[in-house]
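# Results of the structural survey
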Amino acid sequence: MSSKIQVAEQKIKELSTLLEEYNYQYYVQDAPSVPDAEYDRVFHELKQLETDYPNLLSANSPTQKVGGAALSKFEQVTHELPMLSLDNVFDSDSLNDFMQRVMDKSNLAETAFCIEPKLDGLAASIIYENGVLVQAATRGDGLTGENVTENVKTIGNLPLKLRGENIPTRLEVRGEVFMLKAGFEKLNKKLIDAGEKPFVNPRNAAAGSLRQLDSKIAAIRPLAFYCYSVGIFEGELPNSQYDRIQQLKQWGLPVSSEVKRVIGEQGCHEFYDNIAEKRAALAYEIDGVVYKVDDIGLQQKMGFVARAPRWATAYKFPAEEAVTVVDNVEFQVGRTGAITPVAKLKPVFVGGVTVSNATLHNKDEIERLGILIGDVVVVRRAGDVIPQVARVVMEQRDTEKTRAIVFPETCPVCDSDVERIEGEAVTRCTGGLYCEAQRKQAIKHFASRKALDIDGLGDKLVDLLVDHKMIKDPAQLFSLTVQQLASLPRMGETSAKKLVNSLQISKKTTLARFLYSLGIREVGEATAANLAQHFKTLEAIKEAGIESFKSVSDVGEIVAKHLYYFLRQDHNLEVITQLVDAGIHWPAIEVKDESDLPLLDKTFVITGSFTAMSRNDIKAALQALGAKVAGSVSKKTNTLVAGEAAGSKLTKATELGIEILDEQAVLALLGK
Ligand SMILES: NC(=O)c1ccc[n+]([C@@H]2O[C@H](COP(=O)([O-])OP(=O)(O)OC[C@H]3O[C@@H](n4cnc5c(N)ncnc54)[C@H](O)[C@@H]3O)[C@@H](O)[C@H]2O)c1
Ligand SMILES: [Zn+2]
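Parameters and conventions
- Residues numbered from 1 in each chain as written.
- Chains lettered and ligands numbered in written order.
- Predicted model: local features only at pLDDT ≥ 70, side-chain atom pairs only at ≥ 80, totals over all residues.
- Helix = DSSP H or I, 4+ residues; strand = E, 2+ residues; numbered from the N terminus.
- Contact = placed C-beta atoms within 7 Å.
- Core = buried A, V, L, I, M, F, W, Y, C linked by C-beta atoms within 7 Å.
- Buried ≥ 20, exposed ≤ 12 C-beta atoms within 10 Å, placed from the backbone.
- Pairing = 2+ DSSP bridges.
- Axes fitted to C-alpha atoms, helices over the stretch in contact; angles between N-to-C directions.
- Near = placed C-beta within 6 Å.
- Nonpolar A, V, L, I, M, F, W, Y, C, P; charged D, E, K, R; others polar.
- Domains from an automatic or database assignment.
- Expected span 1.5 Å × (residues − 1).
- Arc of directions from axis to C-beta.
- pLDDT = per-residue confidence, 0-100.
- Parallel < 35°, antiparallel > 145°, perpendicular 65-115°, else oblique.
- Left-handed = near helix turned anticlockwise from the far one by under 90°.

Let us look at the overall build of the chain. Counting secondary structure elements, the chain contains 24 helices and 22 strands. At a minimum sequence separation of 6, the contacts of the chain that also span at least 24 residues come to 66%.

Here we take up the nonpolar core. Among the nonpolar cores identified, the biggest contains 65 residues, and Ile-115, Ala-124, Val-177, Ala-206, Leu-210, Cys-227 and Tyr-291 are the most heavily contacted of them. With 7 residues, the single largest contributor to this core is strand 8 (residues 223–234). What Leu-210 contacts, discounting residues up to four positions off in sequence, is Leu-122, Val-148, Asn-151, Val-177, Ala-218 and Leu-223. Ranked by size, the runner-up nonpolar core spans 54 residues in total, among them Phe-446, Ala-451, Leu-515 and Ile-584.

This part takes up the sheet that holds strand 8. Read across the open sheet, the 4 strands follow the order 5-4-7-8; overall the sheet is antiparallel. A strand with exactly one partner marks an edge of an open sheet, and here the two such strands are strand 5 (132–138) and strand 8. Strand-to-strand, the axes of this sheet are offset by a mean angle of 25 degrees, without reference to chain direction. Here 9 bridges tie strand 7 (residues 170–179) to strand 8, and the two strands are oriented antiparallel to one another. Bridge pairing links Val-177 to Phe-225 in strand 8.

Further remarks concern the site of ligand 1. In the vicinity of ligand 1, 25 residues are found, and the nearest of them are Tyr-26, Pro-32, Asp-36, Ser-85 and Ala-123. Within the residue set of the shell around ligand 1, elements represented by two or more residues are helix 1 (3–28), helix 2 (36–52), strand 3 (112–119) and strand 4 (122–129). In terms of residue count, the dominant contributor to the shell around ligand 1 is helix 1 (4 residues). Residues of the shell around ligand 1, tallied by class, amount to 14 nonpolar, 5 polar and 6 charged. Counting residues domain by domain, the shell around ligand 1 receives three or more from each of domain 1 (3–64) and domain 2 (83–316).

This part covers helix 9 (residues 264–278). Structural remark: α-helix, 3.6 residues per turn; residues separated by three or four positions point the same way. Across its 15 residues, helix 9 extends 22 Å between first and last C-alpha, which sits within 8% of the 21 Å expected from 1.5 Å per residue. Considered for burial, the residues of helix 9 that qualify are Cys-268, Phe-271 and Ile-275. Looking straight down helix 9, one finds its buried side chains confined to an arc of 65 degrees; they lie on one side. Across helix 9 from its buried face, at more than 90 degrees, point the exposed residues Gln-266, Asp-273 and Glu-277. Buried positions along helix 9 lie against helix 3 (92–106), strand 3, strand 9 (260–263) and strand 10 (286–293).

Turning to the confidence of the model for the chain, a few remarks are in order. Put simply, the chain has an average pLDDT of 92, and 100% of its residues get 70 or more. The complex model carries a pTM of 0.67, and its ipTM stands at 0.96.

If you trace the 5 strands from one edge of the open sheet to the other, you get 2-11-10-3-9, paired in mixed fashion. Edge strands, defined here as strands with exactly one partner in the open sheet, are strand 2 (87–89) and strand 9. The mean inter-strand angle of the sheet, taken between neighbouring strand axes irrespective of direction, is 35 degrees. Sheet topology places strand 2 next to strand 11 (residues 312–316); 3 bridges connect them, and they run parallel. Paired with Asp-87 across the strands is Thr-313, a residue of strand 11. Where helix 9 meets the sheet, its contacts fall on strand 3, strand 9, strand 10 and strand 11, and the angle it forms with strand 9 comes to roughly 140 degrees.

What follows deals with the packing of helix 12 (residues 439–447) against helix 13 (residues 459–467). Their axes nearest at 10 Å, the elements helix 12 and helix 13 cross at an angle of 135 degrees. It follows from the interaxial angle that helix 12 and helix 13 lie oblique. Helix 13 is crossed by helix 12, and the crossing has right-handed handedness. Taking contact as the criterion, the partners of Arg-439, Lys-440, Ile-443, Lys-444 and Ala-447 in helix 12 are, on helix 13, Asp-459, Val-462, Asp-463 and Val-466. When its residues are assigned to classes, the contact of helix 12 with helix 13 shows 4 nonpolar, no polar and 5 charged.

Time to look at the packing of helix 1 against helix 2. Between two packed helices, the angle of one axis relative to the other and the distance separating the axes together describe the packing. Interaxial distance between helix 1 and helix 2 falls to 10 Å at its minimum, and their mutual angle equals 145 degrees. Crossing hand, helix 1 versus helix 2: left-handed. Residues Ala-8, Lys-11, Ile-12, Leu-15, Ser-16, Leu-18, Leu-19 and Tyr-22 of helix 1 form the contact with helix 2, whose own contacting residues are Tyr-39, Val-42, Phe-43, Glu-45, Leu-46, Leu-49 and Glu-50. Here the contact of helix 1 with helix 2 is built from residues that sort into 11 nonpolar, 1 polar and 3 charged.

Structure representation (structure tokens):
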């Protein structure tokens, strides 16, 4: 034997063993370790070698077999007609070759094809006797399948009894058991919540659900079925694949509404493009299109090869999943300070594009995936969705080459500390005002209406100022000159002067607005007002500890921590000092003793509309007298202030017997 043949023989052995292992995981365990594209690649490599060295082709080769063996825990069913697989093509040239072969055989210039979506589930054979469902089986190895009658009977859209006329006395329909995408998501969520292992994809979820010994479990799984062919039958059926499917539909059997009959190549390509576009929006997964010769006579004339008919082929969509390696993990800081780990991948072609980055979202996701740098991973890109790491191929982990993903302790952009608050998935940079990644966002917030309310400083202008490196933080706004501003595109001297003027005006503010303007996470206007009222001075707030923050109304553990960490960053403190140095000031908050707070510990709710005072002003005035102002009526509410057109809150307050004040009464209470 020449050494070349020996090498080929060795390779064939290797590939066969690998495919057998993949088949076992896929068909027996319902849990594939590699994406279909990877399986198909190995399969085609083996097929090519066997074509090149026909003497090395064994009848036992995975290329000659269908599926996996039936599990012995099920009763076995012998198929009267073998259930085969389908040949695959991946490009339009190979599809054209297939069409050409059909046309050569048919001696017709234009042949009719029945085109069907290639449903991504598992094949089943269902036998009806005198219109009654008597047996259902999986494909198994094509000759022997598993008896899953009781489970199939639980499938919602499948009739137990056929309806209509001329039903064959015996009829075997074949089709796909699959799971709707929405049902799959729900099922996986349930499994995860119950601490169980989720399914890799809807196909495997359908297979795992159908092949349950307990039909009660199958019954609660969201399975569906579509017919796509007829096996054995005793009775009359049309002589066209398309007409047969329509006939099945008339007997009450579910069929896909996408099935079409077209003539010639042109129609076939159009159908493919059409459904490829629709794919993401379909309620179920499809992995390609199946082209079948429509004329049953011609089908019979063309016949079969070992594992597939010659009269049909599947044109598979570009794979949505591919295998690659994680070279590194980098950390990106978003506009709001969220730190996102991003996997740097060995570039891989998936979902029609080359992908070299995939987001890992956050720490929880990293833990869920169990991913390490150097791991072999499955990357998924479906439709326009950004690429994700779907899972780690644990079988291929090389512990010599992998290392853990370590989250940075400081922000990779500004070096401030990062925080991750318990119960939150996101890790954030606490640099806030200082962090370059968050700069624009921070300045826009600072200038916004409820913050410093800087007239004329819109989002676009902030972008320009930062892009032109004229400001780095809000404090630098106040040293901008008319000349500098006027040099910006689309900015005349008049607008520049106006802006400098409104910056000047904005310096006079309140402590509450100032606190709000700092953009501390989850510190909204109401919280800022409560903080100002509680602590009275900026100094007191800077010195407060977590517990002390928590004693402020509306401030819980999380907000307290955000406040505390923000004010522990030297960078942030510097910006605050610069702002005060730039002249930002506010009136001192009077320290009132408790006798000045007649509404202390009283909870008010305000609803409806008012004429003499705005709702916000009423709120502020009540708070100044020590009241708490809440958003909804509950047993804890003491008083409801109800203006014009008050609705459900008024009803509820009346039901609970809570004191109700109209506009006049509240004005009197406030001494206005
Ligand atoms: N990831 C893995 O480890 C792994 C392992 C084994 C197999 N696989 C995948 O499974 C494929 C092989 O499986 P297969 O033999 O079931 O072949 P297949 O899925 O490529 O094609 C045949 C099957 O298509 C289904 N089908 C859907 N719509 C149909 C329609 N309208 N008409 C006819 N049939 C339709 C039927 O179930 C039929 O049995 C591989 O190409 C690979 O993608 C993956
Ligand atoms: Zn930062």
